[in-house]
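Examining the three-dimensional arrangement
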Amino acid sequence: MKIAFTTTDNIHIDAHFGWAKQMDFYEVDTEGATFLETVQFGGDLKEDGNEDKLVPKVSAVEGCTLVYVAAIGGGAAARLLKKNVTPIKAKTESDTISETIDELIQTLNGSPPPWLRKALSLGMKKEAVLSFEED
């Protein structure tokens, strides 16, 4: 599954979704994780009420199953959920991407909680539709 992290330093999950200047993307499965890319965002990202700043971010995480954030507004969370992307708030801004990936892999290899099973099943349905459309 493809996942994203809002980050300021490519180490910590320490950026608000709407204000994030960059996101790191990984492919994660029960065997491990592969770094895919860092996507940069520009413009006036801190302007509250400016919903336009969300458009490129929501577009960037399309196809992801999960996006880990330090914080996220209700409007942005709703947009992600409509796209079958589940936002997850980090416990603290000192949470690291690598530790979070390790915990996620352990969870995937164990008994994932209901919310994660649902997110994974939505992601699989989306992949099946994409695969079918490509045939």
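Our structure's up above, just so we're on the same page.
Now for a description of the structure that goes with this document. Residue indices begin from 1 for each chain and proceed along its sequence in written order. Residues qualify for local features only when their pLDDT is at least 70, as the model is predicted, and side-chain atom pairs are given and counted only at 80 or more; totals for whole chains, interfaces and linings, by contrast, use all residues. To get the side-chain values, take all heavy atoms of the structure and skip hydrogens and water.

Along the polypeptide, threonine 6 turns up in strand β1 (residues 2-6). Judged by relative accessible area, which is 0%, threonine 6 ranks as buried. It only takes one pair of heavy atoms within 4.5 Å for two residues to be counted as in contact. Apart from the residues lying within four places of it in its own chain, the contact partners of threonine 6 are His12, Ile13, Asp14, Ala15, Phe17, Ala20, Gln22, Met23, Tyr68, Val69 and Ala70. The way it works is that DSSP assigns letters per residue, a run of H or I at least four long becomes a helix, a run of E at least two long becomes a strand, and they are numbered from the N terminus. Residue exposure (1.4 Å probe, protein chains only): buried if accessible area is under 20% of the type maximum, exposed if over 50%, otherwise partly exposed.

So, about unusual backbone geometry. For asparagine 10, which is not a glycine, the phi torsion comes out positive at approximately 65 degrees. Tracing the backbone shows asparagine 10 in the loop between β1 and β2 (22-29). For asparagine 84, which is not glycine, the phi dihedral falls at a positive 65 degrees. As for its placement among the helices and strands, asparagine 84 is situated in the loop between α2 (74-82) and β5 (86-89). For asparagine 84, a relative accessible area of 28% puts it in the partly exposed group.

Turning to the nonpolar core, a few remarks are in order. One finds Ile3, Phe5, Val28, Leu66, Tyr68, Ile101 and Leu104 to be the most contacted residues of the largest nonpolar core, which totals 18 residues. Those elements giving two or more residues to this core turn out to be β1, β2, β4 (66-69), α3 (97-109) and α4 (114-134). Discounting chain neighbours no more than four positions away, the residues touching phenylalanine 5 are Ile13, Gln22, Met23, Asp24, Tyr26, Tyr68, Ile97, Thr100 and Ile101. Residues belong to one nonpolar core when they are buried, are Ala, Val, Leu, Ile, Met, Phe, Trp, Tyr or Cys, and are joined through side-chain atoms within 4.5 Å. Counting residues in each nonpolar core, the second largest holds 16 residues, with Met23, Val61, Val67 and Ala76 among its members.

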